[in-house]
Amino acid sequence: MIADRKNDHVRLAVEQHRPGGGNEFDDVTFIHHALAGIDREDVSLTTRFAGVEWNTPLYINAMTGGSTKTGDINRDLAIAARETGVAIASGSMSAYLKDPASAPTFRVLRDENPDGFVMANINANASVAHARQAVDLLAADALQIHLNTVQEIVMPEGDRSFAAWGPRIEEIVASVGVPVFVKEVGFGLSRETVLCLRKLGVTVADVGGRGGTNFARIENSRRAGGDYAHVGDWGQSTPACLLDASDVGLPLFGSGGVRHPLDVVRGLALGASAVGVAGTFLKTVLDGGPDALIAQITAWLDQIKSIMTVLGARTPADLSRCEVRIRGELRDFCADRGID
Ligand code: FNR
């Protein structure tokens, strides 16, 4: 049952990722300053947040595990992470916590990538014991906890109890022993939510905004007569979330709807310490295997560096000082939320 669901998610997510689609990242443009350029060799992609240092500000976000087929996908993703040096997250490890026989489909993330930065992933209903078990299986460097109320509600078999999520997160943060990154799965984190997460003691808020993979649509289309089509545009886009929560004082990651290197640079310029990609990389790895993903990530890192050179940004953090223009829907959002 869980294995079928995991296979469905992969199939339906890939169908959503067709090249050329627009989203609110397109509402962010840089003011070009023709004398701002610096020497490319002076640009470093190293990013630092909350005492953590990554060689690149890019990571492969949580996707999968729990079935034979998704174990194979995890192996390919892990090889790409190892070869390019980007961090990687596991998909939700609930399947393993319910059935330890599925452990190898997740553990492959560490087996193939022994020295990389690997994140375990659980839902916010998990106990502290389960959080530790997930971290231990992967010898994880951090724990992602996903918030996905919309997805659960649309799933007939999904959770219906969300009130305990805050206290659960607080308990896990206090005792799991690794940094905790809390993420949405494509509907975004509001400023108010990020403020709550800061109070709960989490290390990073990954805004996981609208604009890419849409789990309301995925769950809706998994059954005949699905009747949640109206929640298709629920939530805030990734750029909107980054602008909304920029002054909260908690490190932010930007993910959701990232299509190409310019989106990564836009996310960093809007204040993200790192930018995560799920659907776009999933499509690449399914179409062309690990070699295609290695080539894509290598090309992205190269292009990110080139764009930073033109913008005069020596580090990802420098990008937040670049001048951007905000237009369209995103501008309306900023006006509604009182963001300057
Ligand atoms: C996901 N995502 C996800 N997130 C999570 O925290 N736990 C999970 O198990 C999964 N599973 C999953 C499966 C598949 C097939 C995809 C494509 C995605 C959500 C993912 O991490 C990310 O938040 C969203 O997909 C939005 O990013 P993209 O896809 O627009 O880059």
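Preceding block: the structure.
This is a predicted model, so every value here is computed, not measured. (Residues numbered from 1 in each chain as written. Predicted model: local features only at pLDDT ≥ 70, side-chain atom pairs only at ≥ 80, totals over all residues. Heavy atoms only, no water.)

**Topic: the environment of Gly-201**
Next, step 1: Note on placement: Gly-201 falls in the loop between α8 (191–200) and β9 (204–206).
Next, step 2: Sequence separation between Gly-201 and Ala-163 is 38 residues, and the spatial gap between their C-alpha atoms is 18 Å. (Helix = DSSP H or I, 4+ residues; strand = E, 2+ residues; numbered from the N terminus.)

**Let's talk about the packing of helix α1 (residues 2–16) against helix α2 (residues 68–84)**
Next, step 1: Two elements in contact, α1 and α2, have axes whose closest approach is 8 Å; the angle formed by their N-to-C orientations is 55°. Classified by the angle between their axes, α1 and α2 sit oblique to one another. Mapping the contact onto sequence places Lys-6, Asn-7 and Val-10 in α1 and Lys-69, Thr-70 and Ile-73 in α2.
Next, step 2: Taken together, the residues that form the contact of α1 with α2 break down as two nonpolar, two polar and two charged. (Axes fitted to C-alpha atoms, helices over the stretch in contact; angles between N-to-C directions. Parallel < 35°, antiparallel > 145°, perpendicular 65-115°, else oblique. Contact = heavy atoms within 4.5 Å. Nonpolar A, V, L, I, M, F, W, Y, C, P; charged D, E, K, R; others polar.)

**Focus: the side chain of His-146**
Next, step 1: Relative to the helices and strands, His-146 resides in strand β7 (residues 142–147).
Next, step 2: Classification of His-146 by relative accessible area gives buried; the value is 8%.
Next, step 3: Within the structure, His-146 has its side chain in polar contact with the side chain of Asn-121 (distance 2.8 Å).
Next, step 4: For His-146, the contacting residues outside a window of four places in its chain are Ser-92, Asn-121, Ile-122, Asn-123, Ala-124, Lys-183 and Val-185. (Buried < 20%, exposed > 50% of the residue type's maximum accessible area, 1.4 Å probe, protein only. Polar contact = N/O pair within 3.5 Å; in protein donor to acceptor, adjacent residues only side chain to side chain.)

**Some thoughts on the pattern of salt bridges**
Next, step 1: One pass over the structure, following the stated rule, counts 24 salt bridges.
Next, step 2: Salt-bridge contacts for Arg-110 lead to Asp-141; the nearest nitrogen and oxygen are separated by 3.0 Å. Pair noted here: Arg-110 is in helix α4 (residues 103–111) and Asp-141 is in the loop between α5 (128–138) and β7, with a separation of 31 residues, a long-range link.
Next, step 3: Between Asp-233 and Arg-217 there is a salt bridge whose closest N-O contact spans 3.4 Å. Of this pair, Asp-233 sits in the loop between α9 (215–220) and α10 (238–244) while Arg-217 sits in helix α9, placing them 16 residues apart in sequence.
Next, step 4: Judged by its relative accessible area of 58%, Asp-233 is exposed.
Next, step 5: Beyond isolated ion pairs, a larger network of salt bridges with shared partners links Arg-5, Asp-8, Arg-11, Glu-157, Glu-219 and Arg-222. (Salt bridge = Lys/Arg side-chain N within 4 Å of Asp/Glu carboxyl O.)

**Here's the deal with the pairing of strand β6 (residues 118–123)**
On a regular strand, one side chain projects to one face of the sheet and the next to the other, so that they alternate.
Next, step 1: Counting buried residues in β6 gives six out of six residues, a clear majority hidden from the surface.
Next, step 2: On β6, burial covers both faces: Val-118, Ala-120 and Ile-122 on one face and Met-119, Asn-121 and Asn-123 on the other are all buried.
Next, step 3: Pairing geometry for strand β5 (residues 87–89) and β6, over two bridges, is parallel. Following the sheet pairing, Ala-89 is matched in β6 by Met-119.
Next, step 4: Relative to β7, β6 is paired through five bridges, and the arrangement is parallel. Each residue of the ladder has a partner; that of Met-119, found in β7, is Ala-142. (Pairing = 2+ DSSP bridges.)

**Notes on the site of the ligand**
Next, step 1: Taken together, 22 residues form the shell around the ligand, and within it Ala-62, Met-63, Ser-92, Lys-183 and Thr-213 come nearest.
Next, step 2: Contact distances for the ligand include 3.0 Å between an oxygen atom and a backbone N or O atom of Ala-278.
Next, step 3: Gly-279 has a polar backbone atom sitting 2.8 Å from an oxygen atom of the ligand.
Next, step 4: Contact with the protein chains hides 97% of the accessible area of the ligand, taken as 600 Å² for the molecule alone.
Next, step 5: Counting only elements with at least two residues in the shell around the ligand, the list comes to α1, β8 (180–184) and α12 (279–311).
Next, step 6: If one sorts the elements of the shell around the ligand by residue count, α1 sits on top with three residues.
Next, step 7: A class-by-class count of the residues in the shell around the ligand yields nine nonpolar, 11 polar and two charged. (Near = heavy atom within 4 Å. Areas by Shrake-Rupley, 256 points an atom, 1.4 Å probe, with all protein chains shown as cover.)

**Thoughts on the pairing of strand β11 (residues 272–277)**
Next, step 1: Counting buried positions along β11 gives six out of six residues, so the element sits mostly inside the fold.
Next, step 2: Pairing geometry for strand β4 (residues 58–60) and β11, over three bridges, is parallel. Pairing of Leu-58 across the sheet is with Val-275, part of β11.
Next, step 3: Where strand β10 (residues 252–255) and β11 come together, four bridges link them in parallel fashion. Its bridge partner being in β11, Phe-253 is matched across the sheet by Ala-274.

**Quick notes on unusual backbone geometry**
Negative phi values dominate among residues other than glycine, just as trans dominates among peptide bonds.
Next, step 1: The phi angle at Ala-50 is positive, at roughly 45°, despite the residue not being glycine.
Next, step 2: Look at Ala-139: it is not a glycine, yet its phi comes out positive at around 45°.
Next, step 3: Tracing the sequence through the fold places Ala-139 in the loop between α5 and β7.
Next, step 4: The class of Ala-139 is partly exposed, set by a relative accessible area of 47%.

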